Each structure stands twice: as structure tokens, then as C-alpha cells.
Amino acid sequence: MKQLFFTLLFLTLCTFFLMRIHQSNFEAENGYKFNVMAFELPGSEENMNVLIKDWSEPEKKEFVLEQLRYDYFFMSALFPCILVLCIWALLKIIRLEKKTGKSRQFLFLKRMLLILALLQIFALAFDVSENLRLSAWIEQGYAGNMLMFETLVVLKFVFGITGFLVGFAALGVVYTKRKRLKSRKG
């Protein structure tokens, strides 16, 4: 799990920096400022349509569509990375409980990690849905049905951030507990 996590983390960081370099080069060449959050959380259909219109010139439009294509690689590494982190932490907790003989000590945390791992699948699906909608809207020149669009974007962020934070916190708990066990035995 550890190797898979770090491989996915490396791929996530690589694609993140690739997107930032692409954005930086575009902004330096054209003088435009790109804010992906404006597309993800526009606030209303009217705001989205204004944004789409502002980015409708061919070079701007192509840039946004390229960023969305890069984002497929990013999300394909990010959400599986968080899923693996949660499963890795879960397995570490199970091993710790076996060592201590207290199999129900971290029952709530184990359930939470499992749920958060599974929610990463939904976060990935929400992100794919978001990109498909954005690409279609940019191509057609106006936003279509925005029903649930921002809700799914917010849920994607909540699932991802919570999974990441709880996964790392759980690893911290395991590390701390294992250290205490070693000091008691030693």
C-alpha cells in the first residue's frame, strides 16, 4: 500500500505541476489570468455564462479545454491516491489492534476510513461529470443545466480533503500508539 500511495502521490504532483506550468506559460504569453475555481464554483448560471463568454476566443477556449484534459490525468491519480491512503491507514490500524488485542478500539475510525475510501470513487465520478459538463458548455458557448453542478463540486472537495486529512491523522495515531507500545516493552 505504501508504495502504491507514493506512486500515486508522485503522479498527482507531476500532473498538478504540469497543469501549473501550462497555465503559467499561457498567462505569460497572453497576459490572461486563469482561475479554475471560477469555473468550478461560478455561483450562478449567469456567472458561468459570463465566464464562458470571456474565455470564448479561440486561444483562450483551447487553453481551458486543454486544462480540462490535463485534469483527467490529475483526478485519475489524486482520488485513487486518497483512496489508497485511507485503506493503508485502515490496514495499519487493524494490525495495531491485533498487536494490542483490542479489536474494537478504533472501530469508529476504521469505519470512517472505509467510508472515506469509498467516497473517493464518488469524488472521482463527480470530477469527471464536472469536466464533461464544463467541456460541453465551453464548446457550445453557454452553460446548460447547472442542477447539482456546484453541489457535486463541493462534495468532491469535501470527500477528497476529508479523506486526505483523516487518512494522515489515522497514520499519525498508529505511529504514536506503536511508539508508546515500543517504549512500554523496552
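As the structure is a computational prediction, the values presented were derived from the model and not from experiment. (Residues numbered from 1 in each chain as written. Predicted model: local features only at pLDDT ≥ 70, side-chain atom pairs only at ≥ 80, totals over all residues. Heavy atoms only, no water.)

A. Region of the structure containing the overall build of the chain. Across its full length, the chain carries six helices and zero strands. Reading the chain from its N end, one meets helices and strands in the order α-α-α-α-α-α. Relative to the 2.2 N^0.38 estimate, which gives 16 Å for 186 residues, the radius of gyration of the chain is 21 Å and therefore markedly larger than a compact globule would have. Principal-axis analysis of the C-alpha atoms gives the chain an extent of 70 × 35 × 20 Å. Across the 186 residues in the chain, those meeting the buried criterion constitute 39%. Counting contacts in the chain only where the partners sit at least 6 residues apart, residues at least 24 apart contribute 79% of the total. (Helix = DSSP H or I, 4+ residues; strand = E, 2+ residues; numbered from the N terminus. Rg over C-alpha atoms; globule rule 2.2 N^0.38 Å. Buried < 20%, exposed > 50% of the residue type's maximum accessible area, 1.4 Å probe, protein only. Contact = heavy atoms within 4.5 Å.)

B. Focus on the packing of aromatic side chains. Tallied over the entire structure, the rule returns 19 aromatic pairs. Judged by centre distance (5.8 Å) and plane angle (35°), the ring pair of Phe34 and Phe39 falls under tilted. Chaining the aromatic ring pairs together yields one cluster made of Phe26, Tyr32, Phe34, Phe39, Trp55 and Phe63. Between Lys60 and the ring centre of Tyr32, over which it is positioned, the NZ or CZ distance is 4.1 Å. Above the plane of the ring of Phe157 lies Lys156, whose end atom (NZ or CZ) is 4.4 Å from the centre. (Phe/Tyr/Trp six-rings, centres within 6.5 Å; stacked < 30°, edge-to-face > 60°. Lys NZ or Arg CZ within 6 Å of the ring centre and 35° of its normal.)

C. Expanded view of the nonpolar core. In this structure, Phe5, Cys86, Ile93, Leu109, Leu113 and Ala170 are the most contacted members of the largest nonpolar core, which totals 29 residues. At the level of elements, helix 1 (2–30), helix 4 (58–100), helix 5 (107–140) and helix 6 (149–185) are the ones that each hand at least two residues to this core. Element by element, the count of residues in this core is highest for helix 4, at 13 residues. In this view, Leu109 contacts Ile93, Val166 and Ala170; residues no more than four positions away in its chain are not counted. (Core = buried A, V, L, I, M, F, W, Y, C linked by side-chain atoms within 4.5 Å.)

Nothing here speaks to function; it is all geometry.
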